[in-house]
Amino acid sequence: VEGEGSEPLSRRESQVRFGVVTAWLDEDWHSRRLLDACARLGRAEAVDPAALAAFVSDAAVEIRLGPDRSTGFDALVLARGLGREGDGDVQFEIYRALEGTGALVANRIDALLAAQDKLRTSWLLRRAGVPTPRAAVAQSPEGATSILVEIGEAVMKPIAGSLGEGLERVTPDRAGRKKVLDRLERDGAVYLQEWVSHPGRDARIFVVGNRVAGAVERFAPPGEWRTNVSQGARTEALRPDLASARAALDAARALGLDWAGVDVVDGPRGPTVLEVNGNPSWAGILEATGADMAEPIAEHVWARAQRRMARLEITQESAGTNHG
Ligand SMILES: Nc1ncnc2c1ncn2[C@@H]1O[C@H](COP(=O)(O)OP(=O)(O)O)[C@@H](O)[C@H]1O
Ligand SMILES: [Mg+2]
């Protein structure tokens, strides 16, 4: 409700207007926590991605919500940015257009897509010097066999997968070749990542901005090497060592993510990043540590929006615009 209360005008003017984008407000408690956390810092409204419309005129793209309603958000927080209704590609393109017109969208759409793609993640991490295993993809039987031989002991993963599903350990022998060729036939491509030996546990480090906001150690159940909570791992609160924290922070930065869940395993060559999640759950962290990652996320986005609003004011003032 605008214009009520006794807040000084300046404070009210600089209040951040958050749009929390989610198609699953009722089902997804992450979305609700983000909405609540944003509402504590400014004005926050849930936005259904399928309700977004965009109007293109000249160089501008105006985003609308419903009939004749310009959005006017200072920040869009992509909680669950793809809706079950509407068109996913259009929704992506709207976020991209918004970024292109200078709006603050977090996480950024290209960063989210990079995190979803294991090949892209691998090369962005290696390019940034973040410790991560060697990885390769192939699309032909000869290619698949040759990357298997070259990488050796490996984990085969869906290129866009999660929850530890579809992962298989393979070795460069008959059985391994068969697994790789079967996968190739099914998916059209295979992704292999060098196996990193670890004692059935790893760290899930939750990065927000340039700091570690929370972390848990995940212990795989007996006989299981995948440490995903969805594969039965249990979690304990963790204070990551400096090198693991550094690797996680560098990984999130390499992908351009405002917040991320980074899987770091303590391998023979020290902390090694296996994967970066751009849309991470923090149920395990909340349960093990009591910390709600929605708070630091909202604070981080709020701070970015504040800096941006201050910059815009300076630009307008120096351009001689009087908007008083
Ligand atoms: N290269 C690897 N070496 C050893 N363990 C791995 C490797 N890759 C994945 N794992 C194990 O499998 C889990 C899931 O792999 P990950 O790449 O994070 O896929 P997902 O997106 O399904 O979570 C990791 O948390 C880790 O425990
Ligand atoms: Mg993972």
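Above: the structure in question.
Residues numbered from 1 in each chain as written. Chains lettered and ligands numbered in written order. Predicted model: local features only at pLDDT ≥ 70, side-chain atom pairs only at ≥ 80, totals over all residues. Heavy atoms only, no water.

## Describing the overall build of the protein chain
Then, in step 1: Counting its regular elements, the protein chain contains 10 helices and 15 strands.
Then, in step 2: Taken over the C-alpha trace, the protein chain has a radius of gyration of 22 Å; the compact-globule value for 324 residues is 20 Å, and the two agree within 12%.
Then, in step 3: Over its C-alpha atoms, taken along the principal directions, the protein chain stretches across nearly 75 × 45 × 40 Å.
Then, in step 4: Within the protein chain, the fraction of its 324 residues that count as buried is 42%.
Then, in step 5: Sequence separation of at least 24 residues holds for 63% of the intrachain contacts in the protein chain that already meet a minimum separation of 6. (Helix = DSSP H or I, 4+ residues; strand = E, 2+ residues; numbered from the N terminus. Rg over C-alpha atoms; globule rule 2.2 N^0.38 Å. Buried < 20%, exposed > 50% of the residue type's maximum accessible area, 1.4 Å probe, protein only. Contact = heavy atoms within 4.5 Å.)

## Points about the packing of helix α4 (residues 109–116) against helix α5 (residues 118–127)
Then, in step 1: Running from amino to carboxyl end, α4 crosses α5 at an angle of 105°, the nearest separation of the two axes being 5 Å. Classed by the angle they form, the pair α4 and α5 counts as roughly perpendicular. Where α4 approaches α5, its residues Ala114, Ala115 and Gln116 are matched on the opposing element by Lys118, Arg120, Thr121 and Leu124. (Axes fitted to C-alpha atoms, helices over the stretch in contact; angles between N-to-C directions. Parallel < 35°, antiparallel > 145°, perpendicular 65-115°, else oblique.)

## Regarding helix α3 (residues 88–100)
Then, in step 1: With 13 residues, α3 extends 18 Å between its outermost C-alpha atoms, agreeing within 8% with the 18 Å of an ideal straight helix rising 1.5 Å per residue.
Then, in step 2: Where α3 is buried, its residues meet β1 (17–22), β3 (52–57), β4 (60–65), β5 (75–80), β6 (104–106) and α4.
Then, in step 3: Its side-chain oxygen placed 2.8 Å from the backbone nitrogen of Asp89, Asp87 serves as the N-cap of α3.
Then, in step 4: Of the residues one or two after α3, Gly102 is the one with positive phi, at around 95°. (Expected span 1.5 Å × (residues − 1). Polar contact = N/O pair within 3.5 Å; in protein donor to acceptor, adjacent residues only side chain to side chain.)

## Some remarks on the pattern of salt bridges
Then, in step 1: With the rule as written, the count across this model stands at 22 salt bridges.
Then, in step 2: Among the ionic pairs, Arg33 bridges to Asp292, the shortest N-O distance being 3.2 Å. Of the two residues, Arg33 is situated in helix α2 (residues 29–41) and Asp292 in the loop between α9 (283–289) and α10 (294–318); the sequence distance between them amounts to 259 residues.
Then, in step 3: The class of Arg33 is partly exposed, set by a relative accessible area of 33%.
Then, in step 4: For Asp250, the salt bridge is made with Arg246, and the minimal N-O distance between the two is 3.3 Å. You can see Asp250 and its partner Arg246 sitting in helix α8 (residues 242–255), 4 residues apart, about one turn around the helix.
Then, in step 5: Owing to a relative accessible area of 28%, Asp250 belongs among the partly exposed residues under this scheme. (Salt bridge = Lys/Arg side-chain N within 4 Å of Asp/Glu carboxyl O.)

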